[in-house]
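A look at the structure
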Amino acid sequence: VYDLNANPSVDGILVQLPLPDHIDERAVIDAVDPSKDVDGFHPENLGRLMRGNPRYVPATPYGIMEMLSRCDIDPEGMDAVIVGRSNIVGKPLANLLLQRSVSATVTVCHSRTRDLAAHTRRADLLVAAAGQAAFIDGTMVKEGAVVIDVGINRVDAPSAERGYRLGGDVDFEDVRPKASRITPVPGGVGLM
């Protein structure tokens, strides 16, 4: 990382996460020069995002914001609920949605949130980034909500060539009838 930081021909560094367990993820991210941290994960870049003047915006949250814009979904005044508090999606997305130019009301939930369904059922905009296949079902979604599924999970599928299929954090078929818009997995946020 230090060699890449010092190399003037390298404009950006992207650390492919997750790293193997024996590597200190925080130390690697902190070692990246903030001006080359195209993921926006360095503490300096996260701080700039929080202040509203980001150098780089993490890719997945940026893609979600772009998707909302391209679909003419204005989050202003929406009750946005994010299920997942990672530094990769949940926290940066919450900051983007809270910016004055967006002005959503944001709740960030996680694995220890009490009565999670009570939070998700009031969401106009529900973002699932929990890392658990089919974690959000139809009983947890408000009629007419915009549902964005960030999860990518391997789901056992013995008849599939690889023995698994990819599935999201949202039970797509169960939630689709209630949602005004919903992203599929695969084929949704990952492509953004």
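Read on for a plain summary of the structure. (Residues numbered from 1 in each chain as written. Predicted model: local features only at pLDDT ≥ 70, side-chain atom pairs only at ≥ 80, totals over all residues. Heavy atoms only, no water.)

1. Some thoughts on the environment of M65
Relative to the assigned elements, M65 resides in helix α4 (residues 59–70). Residue M65 is classed as buried on the basis of its relative accessible area of 17%. Expressed as a C-alpha distance, the spacing of M65 and P184, which sit 119 residues apart in the sequence, is 16 Å. When near neighbours in sequence (up to four residues on either side) are disregarded, M65 contacts L93, L96, L97 and V102. (Helix = DSSP H or I, 4+ residues; strand = E, 2+ residues; numbered from the N terminus. Buried < 20%, exposed > 50% of the residue type's maximum accessible area, 1.4 Å probe, protein only. Contact = heavy atoms within 4.5 Å.)

2. Describing the packing of aromatic side chains
With the rule as written, the count across this model stands at zero aromatic pairs. In this arrangement the basic side chain of R154 is found over the ring face of Y164, its NZ or CZ atom lying 4.4 Å from the centre. (Phe/Tyr/Trp six-rings, centres within 6.5 Å; stacked < 30°, edge-to-face > 60°. Lys NZ or Arg CZ within 6 Å of the ring centre and 35° of its normal.)

3. Some remarks on the environment of I29
When you line up the elements, I29 lands in helix α2 (residues 25–31). It is 22 Å that separates the C-alpha atoms of I29 and V150, two residues lying 121 residues apart in sequence. Here I29 is in contact with L17, F41 and H42, once residues within four sequence places are set aside.

4. Points about the sheet that holds strand β1 (residues 79–83)
A sheet is described by the order of its strands in space; here five strands give the open sequence β2-β1-β3-β4-β7, paired in parallel fashion. Each edge of the open sheet carries a strand with a single partner, namely β2 (105–109) and β7 (181–182). One ladder, built from two bridges, connects strand β4 (residues 146–149) with β7; its direction is parallel. If you follow V146 over to β7, its bridge partner there is R181. In this fold helix α5 (residues 90–98) packs onto β1, β2 and β3 (125–128), with an angle of close to 170 degrees to the strand it touches most, β1. (Pairing = 2+ DSSP bridges. Axes fitted to C-alpha atoms, helices over the stretch in contact; angles between N-to-C directions.)

Treat this as a map of the structure, not an account of what it does.
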